[in-house]
Amino acid sequence: RTMAGGVSPMTLDEQRERMVQDQLLARGITDERLLAAFRKVPRHRFVPPEFEAQAYTDHPLPIGAGQTISQPYMVALMTGRLGLQGHERVLEIGAGSGYQAAILAELTLEVFSVERVPDLLRAAAERLSALGCLNVHFTAGNGSLGWPQHAPYDAILVTAAAPDVPEPLLAQLADGGTMVLPIGPQEGQMLVEVRKRHGIVTRREVAGCVFVPLVGRHGWPPESVA
Ligand code: SAH
């Protein structure tokens, strides 16, 4: 309570706990390791200063270069589907702000993340090193080609939408591995879980979603993107 008797605003830490309760737990995200990662990673450090007060709201937010940081629930839904135990090597396509990479880094051994926009990549790398997060490796480039040097990956997470599963990513997924990605038209997509077991690839639809386009070969041609 403030002196005037009003309710004092929640601190960012309190807002983060509220996000976990209202947006994740209330919607059925119950994995304790996953929830612990969302409690730990300071999402407000991953948005531009003018959006800090909205960092823990139930929405995607602009991060510059026409790109967005995903809604917290979407990050949790995608990450949960990977079923990480802690020993995996994970490839992320579309580093953006670096938030998803920071969540992954809490849950597994090593994260490799590819970003097409060099300014975003630089900012993401600086954030993670400022937070002492040492198990994420970044590179600039067209992530629809994957990152062949470190393949195969136990899990692959694509945070931009492609017309279909990029063939190089499927090739870089380890046997026994899982890939989660949005597939479909630029206006709206289906989140799909792709598994490779004994060389056989299966797909399962998870939920409708809207992501920015994956640009480049095996994604959308740059001239088709608004
Ligand atoms: N995971 C991010 C959200 C990313 S938004 C986060 O947690 O903040 C999608 C990102 O994919 C954008 O930064 C966009 O620049 C990037 N992107 C689009 N096409 C790409 C490509 N072919 N290779 C790598 N990154 C790409």
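Relevant structure appears above.
All values derive from a computational prediction rather than experimental measurement.

## A short note on the environment of E205
So, step 1. Structurally, the position occupied by E205 is in strand β9 (residues 200–209).
So, step 2. Linking E205 and L181, residues 24 residues apart in sequence, is a C-alpha distance of 9.9 Å.
So, step 3. If we skip the residues at most four places from it in the chain, E205 touches M190 and L191.

## As for the packing of aromatic side chains
So, step 1. On inspection of all chains with the given rule, the structure shows four aromatic pairs.
So, step 2. Both rings, one in F38 and one in Y99, keep their centres 6.2 Å apart while their planes meet at 70 degrees; by these two values the pair is edge-to-face. In this pair, F38 is assigned in helix α2 (residues 32–40) and Y99 in helix α4 (residues 99–107), connecting sequence segments 61 residues apart.
So, step 3. Judged by its relative accessible area of 1%, Y99 is buried.
So, step 4. Members of the aromatic cluster, joined through ring pairs, are F38, F46 and Y99.

## Structural notes on the site of the ligand
So, step 1. The ligand sits among 26 residues. The nearest are S97, E115, N142, G143 and V215.
So, step 2. Between a nitrogen atom of the ligand and a main-chain N or O atom of R116, the distance comes to 3.3 Å.
So, step 3. In this structure, a nitrogen atom belonging to the ligand sits 2.7 Å away from a main-chain N or O atom of G143.
So, step 4. Burial of the ligand by the surrounding chains reaches 99%, relative to a free accessible area of 580 Å².
So, step 5. More than half of the atoms of the ligand fall within 2 Å of the grid points belonging to the largest pocket.

## Considerations on the pairing of strand β8 (residues 189–197)
So, step 1. Pairing between strand β7 (residues 173–183) and β8: six bridges, direction antiparallel. Each residue of the ladder has a partner; that of M179, found in β8, is V194.
So, step 2. In this antiparallel pair of consecutive strands, β7 and β8, the connection spans five residues, and G184 shows a positive phi of 140 degrees.
So, step 3. Of the strand pairs in this sheet, β8 and β9 are connected by nine bridges, and their pairing is antiparallel. Looking at β9, one finds that R197 is bridged to I200.
So, step 4. In sequence, β8 turns back onto β9 through a hairpin of two residues, with H198 there showing a positive phi of about 50 degrees.

Analysis parameters
- Residue numbering note: each chain is counted from 1, following its sequence as written.
- In keeping with the model being predicted, local features are shown solely for residues with a pLDDT of at least 70 and side-chain atom pairs are shown and tallied solely at 80 or more, while totals for entire chains, interfaces and linings include all residues.
- The side-chain quantities take in all heavy atoms of the structure and omit both hydrogens and water.
- Only runs of H or I of at least four residues qualify as helices and only runs of E of at least two qualify as strands under DSSP, and these elements are numbered from the N terminus.
- In what follows, a contact means two residues having at least one pair of non-hydrogen atoms within 4.5 Å.
- Here a pair means two rings of Phe, Tyr or Trp (six-membered ring of Trp) with centres within 6.5 Å. Their orientation is stacked below 30 degrees between planes, edge-to-face above 60, and tilted elsewhere.
- For every residue, the accessible area (1.4 Å probe, protein chains only) is compared with the maximum for its type, and the residue is labelled buried under 20%, exposed over 50%, or partly exposed between those bounds.
- Put simply, a residue is near a molecule or strand once any heavy atom of it comes within 4 Å of that molecule or strand.
- What qualifies as a polar contact is a pair of N or O atoms within 3.5 Å, subject to a donor-acceptor requirement within protein and to the restriction that residues adjacent in sequence count only when both atoms come from side chains.
- Areas reported here follow the Shrake-Rupley algorithm with a probe of radius 1.4 Å; residue values treat only the protein chains shown as occluding.
- The pocket and cavity definitions rest on a 1 Å grid over protein atoms only: a 1.4 Å probe that fits but cannot leave marks a cavity, an open set with protein on both sides within 12 Å along at least five of seven lines marks a pocket, and residues lining either have an atom within 4 Å of a point.
- Whether a molecule sits in a cavity or pocket is decided by its atoms, more than half of which must lie within 2 Å of the grid points.
- Strand pairing requires that DSSP identify at least two bridges connecting the strands.

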